[in-house]
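Next come the chains, spelled out residue by residue.
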Amino acid sequence: MTTGWGNLAKTWDANTGEELLTYTGHLGEPELKFAGQTALSGGGWSPDGSRILTSGYSIQVWDANTGKQITKIIPTTDLYIYARWSPDGKRLASCAPPEVLQIWDADTGAAILGGYVHNTAEYNFGDAIDNCMGVEWSPDGKHVLTTNVYGSRATIWDAQTGHKILIFKGHPGALLIPAWSPNGMRVATGDTTGGVKV
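Quick notes on the rules
- Sequence positions are assigned chain by chain, starting from 1 and proceeding in written order.
- Given that the model is predicted, a residue must reach a pLDDT of at least 70 before its local features are reported, and side-chain atom pairs must reach 80 or more before they are shown or counted; all residues, however, enter totals for whole chains, interfaces and linings.
- Note that water and hydrogens are dropped before the side-chain values are worked out from all heavy atoms of the structure.
- Strands here mean DSSP runs of E at least two residues long; helices mean DSSP runs of H or I at least four residues long; both are numbered from the N terminus.
- The classification of residues rests on relative accessible area computed with a 1.4 Å probe and restricted to protein chains. Under 20% of the type maximum is buried, over 50% is exposed, and intermediate values are partly exposed.
- By definition in these notes, contact holds between two residues if any of their heavy atoms fall within 4.5 Å.
- Accessible surface is estimated by sampling points in the Shrake-Rupley manner with a 1.4 Å probe; for residues, cover comes only from the protein chains shown.
- Any two strands with at least two DSSP-identified bridges between them are counted as paired.
- Any Lys or Arg side-chain nitrogen located within 4 Å of an Asp or Glu carboxyl oxygen qualifies as a salt bridge.
- The axes used here are C-alpha line fits, helices contributing only the stretch in contact, and every angle between their N-to-C directions lies in the interval 0 to 180 degrees.
- Every residue carries a pLDDT, the predictor's confidence in it, which falls somewhere between 0 and 100.
- The definition of a polar contact used here is a pair of N or O atoms within 3.5 Å, where within protein one atom must be able to donate a hydrogen and the other to accept one, and adjacent residues in sequence count solely through side-chain atom pairs.

1. Observations concerning the overall build of the protein
Consideration 1: Along the protein, the regular secondary structure elements total zero helices and 18 strands.
Consideration 2: The 198 residues of the protein split such that 48% are buried.
Consideration 3: By sequence separation, contacts in the protein at least 24 residues apart represent 44% of the contacts at least 6 residues apart.
Consideration 4: Accessible area of the protein: about 9300 Å², with a carbon and sulfur share of 52%.

Okay, structure coming up:
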């Protein structure tokens, strides 16, 4: 699947390159204040391959076979939202400024942790805020790793309580997408200067 400018997501046949479905549920959503245009920040397949996740102004879950929308979540206002599936496919994780971990029920869209964040309407393009750039679940689904743009740090959260467990600092640039090792014992982070730390 692919996501990008114009608020469209698409799925493709990996063997032929044929376009299979176009997901249009984000069309008409407000222009993202910090991007200056409409765009999707990410997406992904559910662990069992039956559903699609797209994220931008909102988080949306789709039936991967029919393209029918299953649920829609608006976690905050005017900012990119990066969302990821939990390993069991039952939950979604997102992170809203100023660094609020959000956990959602993937089937109903109900807030499990964090919920809607109300304060982003006060921000303007160019403001340096603690905006989360990346979100990633640990392999066992017990923790969530987030990265921070202006704070240049990564945080490990308890996915049940929302408590911060560890904070990693030391990158010279803004952090981008994080990753866990397959055994969940290490994490990797990369920044805008090209540096990677484990």
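2. Here we look at the sheet that holds strand β16 (residues 179-180)
Consideration 1: A sheet is described by the order of its strands in space; here three strands give the open sequence β16-β17-β18, paired in antiparallel fashion. Every other strand in the sheet has two partners, leaving β16 and β18 (196-197) as the edge strands with one partner each.
Consideration 2: Taken together, the two bridges between strand β17 (residues 187-190) and β18 define a ladder with antiparallel strand orientation. Its bridge partner lying in β18, Gly 190 is registered against Val 196.

3. A short note on the pattern of salt bridges
Consideration 1: Taken as a whole, this structure holds three salt bridges when the rule is applied.
Consideration 2: The salt bridge involving Glu 19 is made with Lys 10; its shortest N-O contact spans 3.2 Å.
Consideration 3: Judged by relative accessible area, which is 34%, Glu 19 ranks as partly exposed.

4. Some points on the environment of Trp 104
Consideration 1: Relative to the elements of secondary structure, Trp 104 occurs in strand β10 (residues 100-105).
Consideration 2: Given the relative accessible area of 4%, Trp 104 is considered buried.
Consideration 3: For the pair Trp 104 and Arg 91, spaced 13 residues apart in sequence, the C-alpha separation works out to 5.5 Å.

5. Let's talk about the sheet that holds strand β5 (residues 51-55)
Consideration 1: As summarised here, the arrangement of the four strands in space is β4-β5-β6-β7, forming an open sheet in which the pairing is antiparallel. Both outer strands of the open sheet, β4 (42-45) and β7 (69-73), are each paired with one neighbouring strand and no more. Going from strand to strand, the sheet's axes swing by 15° on average, the running direction of each strand aside.
Consideration 2: As judged from the five bridges shared by β5 and strand β6 (residues 59-63), these two strands associate in the antiparallel manner. For Thr 54, the partnering residue across the bridge sits in β6 and is Gln 60.

6. Some points on the pairing of strand β12 (residues 132-137)
Consideration 1: Taken together, the five bridges between β12 and strand β13 (residues 143-148) define a ladder with antiparallel strand orientation. When the bridges of β13 are listed, Val 135 appears paired with Thr 146.
Consideration 2: Two successive antiparallel strands, β12 and β13, enclose a turn made up of five residues, where Gly 141 displays a positive phi of approximately 75°.

7. Focus on the confidence of the model for the protein
Consideration 1: Across the protein, the average pLDDT comes to 84, with 87% of residues at 70 or higher.
Consideration 2: Summarising per-element confidence for the protein, the mean pLDDT is lowest in β18 (80) and highest in β6 (94).

8. Re the environment of Thr 54
Consideration 1: Take Thr 54: it is sitting in strand β5.
Consideration 2: Under the relative-accessibility criterion, Thr 54 is labelled buried at 0%.
Consideration 3: Along the sequence, Thr 54 and Arg 84 sit 30 residues apart, while their C-alpha atoms lie 9.1 Å from each other.
Consideration 4: Discounting chain neighbours no more than four positions away, the residues touching Thr 54 are Met 1, Thr 3, Ala 9, His 26, Leu 40, Gly 42, Gly 43, Ile 59, Gln 60 and Trp 62.
Consideration 5: Here the side chain of Thr 54 touches His 26 through a polar contact of 2.7 Å, side chain to side chain.

9. Observations concerning the side chain of Thr 11
Consideration 1: Residue placement: Thr 11 occurs in strand β2 (residues 9-12).
Consideration 2: Sequence-distant contacts of Thr 11, defined by excluding residues within four places in its chain, comprise Met 1, Glu 18, Glu 19, Leu 20, Leu 21, Tyr 23, Trp 45 and Ile 52.

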